[in-house]
Amino acid sequence: MNYNLETCKAFYQGKRVLVTGHTGFKGSWLSRILTLAGAEVTGYSLEPPTSPSLFEILGLADTMDSEIGDIRDLKHLKEVFDRVQPEIVIHLAAQPIVRDSYREPVYTYETNVMGTVNLLECVRLSPCVKSVLNVTTDKVYENREWEYGYRECDPLDGYDPYSNSKSCSELVTHSYQKSFFQDGRCAISTARAGNVIGGGDFANDRIIPDCVRAMEAGKEIVVRNPYSTRPFQHVLEPLFAYLQIAQRQYEDRMFQGYYNVGPDDCDCVTTGDLVTMFCEIWGEGASWVNRHDGGPHEANFLKLDCSRIKHVFGWQPHWHILETMDQTIAWSKAYLKGEKMLAVTDQQIREY
């Protein structure tokens, strides 16, 4: 099934959708897709996590119902559920950076584990909700650095506090689903996505934002781990997959479950190859240097087996890695030139 903005509109038009983490990178893109699809979108999140931020650049506070709040605040979150009466909930709110999780492990667990508990407790107490998707990460698996992609049935674990807290979030979701939703009133799934890239990511400790910042400053790109292999994909790939999962399980709860969402094997590249590709497409003499900083442990080799979502939904990635990099650099150069970024973002969503 070619799932895109037009197919989204047919289902999401007029639906009440709550997105947690809507001020983040993925949350901003997702909120904009839903708005273009005609959904009644409410976001619940902290203030934007970066400055600049995609959320502010696009002016999304003026285009949707944006509620600033902490996912750890159960009382406030429940008030938003009561006010909005969402039919569909997509849970993105998280502390998403591996290195930050070493610096702030307690905050990471509070946000990623108890935040999930709070969300699902609100769902349990809100009969209006029919479909919930908890977005976790490809890093939930016990990583044995083997060459084949991890499948949904492989053991969960996670080495660092970020990855482990997301594994815990998965287990919380499984428990709530089995304990409180066997009556069929609400379908619940988790989605484990690979590394996303795309225009408007300003996070620290992410390779493409580091590349763009280096270009803006006229400096050489510093790469701390060029040999690590990751399942890189454009941010729109998993977002449209999330929307498809949420829709299909809303229509038939037999579709609820656990889904890997990642690129094809040909798009699982090393960080060094990714940055070389960035430099070639960006031009202007862009170059990079290998400078391992001896930082904390991060997985060296990681990829996903996405056979299940392909088989169940007929899902396929739209853009391979070169197209992904083209779109990312086009957005970034338009931003640096001062173009109207809402129009640029909408155009990329429609092109997808």
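Predicted model only: the values in this text are computed from it and were never measured. (Residues numbered from 1 in each chain as written. Predicted model: local features only at pLDDT ≥ 70, side-chain atom pairs only at ≥ 80, totals over all residues. Heavy atoms only, no water.)

(A) Structural context of the nonpolar core. Ranked by internal contacts, the top residues of the largest apolar core, which has 58 residues, are Tyr12 and Leu243. The element best represented in this core is helix H9 (residues 236-251), accounting for 8 residues. (Core = buried A, V, L, I, M, F, W, Y, C linked by side-chain atoms within 4.5 Å. Buried < 20%, exposed > 50% of the residue type's maximum accessible area, 1.4 Å probe, protein only. Helix = DSSP H or I, 4+ residues; strand = E, 2+ residues; numbered from the N terminus.)

(B) Quick peek at the environment of Thr229. Locating Thr229 in the fold gives a position in strand E9 (residues 229-231). What makes Thr229 buried here is its relative accessible area of 11%. Between the C-alpha atom of Thr229 and that of Ala187, which follows or precedes it by 42 residues, the distance is 34 Å.

(C) Up close: the environment of Glu170. One can find Glu170 in helix H7 (residues 161-180). Glu170 has contacts with Thr136, Val140, Leu156, Thr190 and Arg192, leaving out every residue within four places of it along the chain. In this structure the side chain of Glu170 is engaged in a polar contact, spanning 2.9 Å, whose partner is the side chain of Thr190. (Contact = heavy atoms within 4.5 Å. Polar contact = N/O pair within 3.5 Å; in protein donor to acceptor, adjacent residues only side chain to side chain.)

(D) Region of interest: the side chain of His174. As for its placement among the helices and strands, His174 is situated in helix H7. Residue contacts for His174: discarding those within four places in its chain leaves Leu156, Thr190, Arg192 and Tyr258.

(E) Inspection of the pairing of strand E6 (residues 187-193) at higher detail. Taken across its 7 residues, E6 has 7 buried, putting it largely inside the fold. What you see with E6 is no split at all: Ala187, Ser189, Ala191 and Ala193 on one side and Ile188, Thr190 and Arg192 on the other are buried throughout. As paired strands, strand E5 (residues 131-135) and E6 are joined by 5 bridges and run parallel to one another. Counted as the bridge partner of Leu133 is Ser189 from E6. Taken together, the 4 bridges between E6 and strand E11 (residues 258-261) define a ladder with parallel strand orientation. Each bridged residue has a counterpart across the sheet, and for Arg192 the counterpart in E11 is Asn260. (Pairing = 2+ DSSP bridges.)

(F) Representation of the sheet that holds strand E4 (residues 88-91) within the structure. Taken in spatial order, the 7 strands make up an open sheet running E3-E2-E1-E4-E5-E6-E11, and their pairing is parallel. At either end of the open sheet lies a strand with only one pairing partner, and these are strand E3 (65-68) and E11. Neighbour to neighbour, the strand axes of the sheet diverge by 20° on average, direction disregarded. (Axes fitted to C-alpha atoms, helices over the stretch in contact; angles between N-to-C directions.)

(G) Region of the structure containing the pattern of salt bridges. Tallying each qualifying case throughout the model produces 20 salt bridges. Measuring nitrogen to oxygen at the nearest pair gives 3.4 Å for the salt bridge that ties Asp138 to Lys139. Taken as a pair, Asp138 and Lys139 share a single burial class, namely buried. (Salt bridge = Lys/Arg side-chain N within 4 Å of Asp/Glu carboxyl O.)

(H) Highlighting the packing of aromatic side chains. Per the counting criterion, the structure on display carries 11 aromatic pairs. Measuring from ring centre to ring centre gives 5.3 Å for Tyr259 and Phe313, while their planes differ by 35°; the resulting arrangement is tilted. In this pair, Tyr259 sits in strand E11 while Phe313 sits in helix H11 (residues 307-313), placing the two residues 54 residues apart along the sequence. With respect to class, Tyr259 is no different from Phe313; both count as buried. (Phe/Tyr/Trp six-rings, centres within 6.5 Å; stacked < 30°, edge-to-face > 60°.)

(I) Just helix H13 (residues 341-351), in detail. Of all the positions in H13, only Met341, Val344, Thr345, Asp346, Gln348 and Ile349 are classed as buried. Taken together, the buried residues of H13 touch helix H1 (5-12), helix H2 (25-36), helix H3 (54-57), strand E10 (233-234), H9 and helix H12 (321-336).

(J) Summary view of the packing of helix H10 (residues 271-282) against H12. In the contact formed by H10 and H12, the axes pass within 10 Å of each other and the chain directions differ by 55°. One element, H10, and the other, H12, form an angle in the oblique class. H12 is crossed by H10, and the crossing has right-handed handedness. Taken together, the residues of H12 that come into contact with H10 (itself represented by Leu274, Met277, Phe278, Ile281 and Trp282) are Ile321, Leu322, Met325, Asp326, Ile329, Ser332, Lys333 and Leu336. (Parallel < 35°, antiparallel > 145°, perpendicular 65-115°, else oblique. Left-handed = near helix turned anticlockwise from the far one by under 90°.)

(K) Layout of the packing of helix H6 (residues 105-124) against H7. Contact pair H6 / H7: the axes reach a minimum separation of 9 Å and the direction vectors enclose 15°. Comparing their axes, H7 and H6 come out roughly parallel. Every pair of crossing elements has a handedness; the one defined by H6 and H7 is right-handed. Across the interface between the two elements, Pro105, Thr108, Tyr109, Asn112, Val113, Thr116, Val117, Leu120, Glu121 and Arg124 of H6 pack against Pro161, Tyr162, Asn164, Ser165, Lys166, Cys168, Ser169, Val172, Thr173, Tyr176 and Phe180 of H7. Classifying every residue of the contact of H6 with H7 gives 11 nonpolar, 7 polar and 3 charged. (Nonpolar A, V, L, I, M, F, W, Y, C, P; charged D, E, K, R; others polar.)

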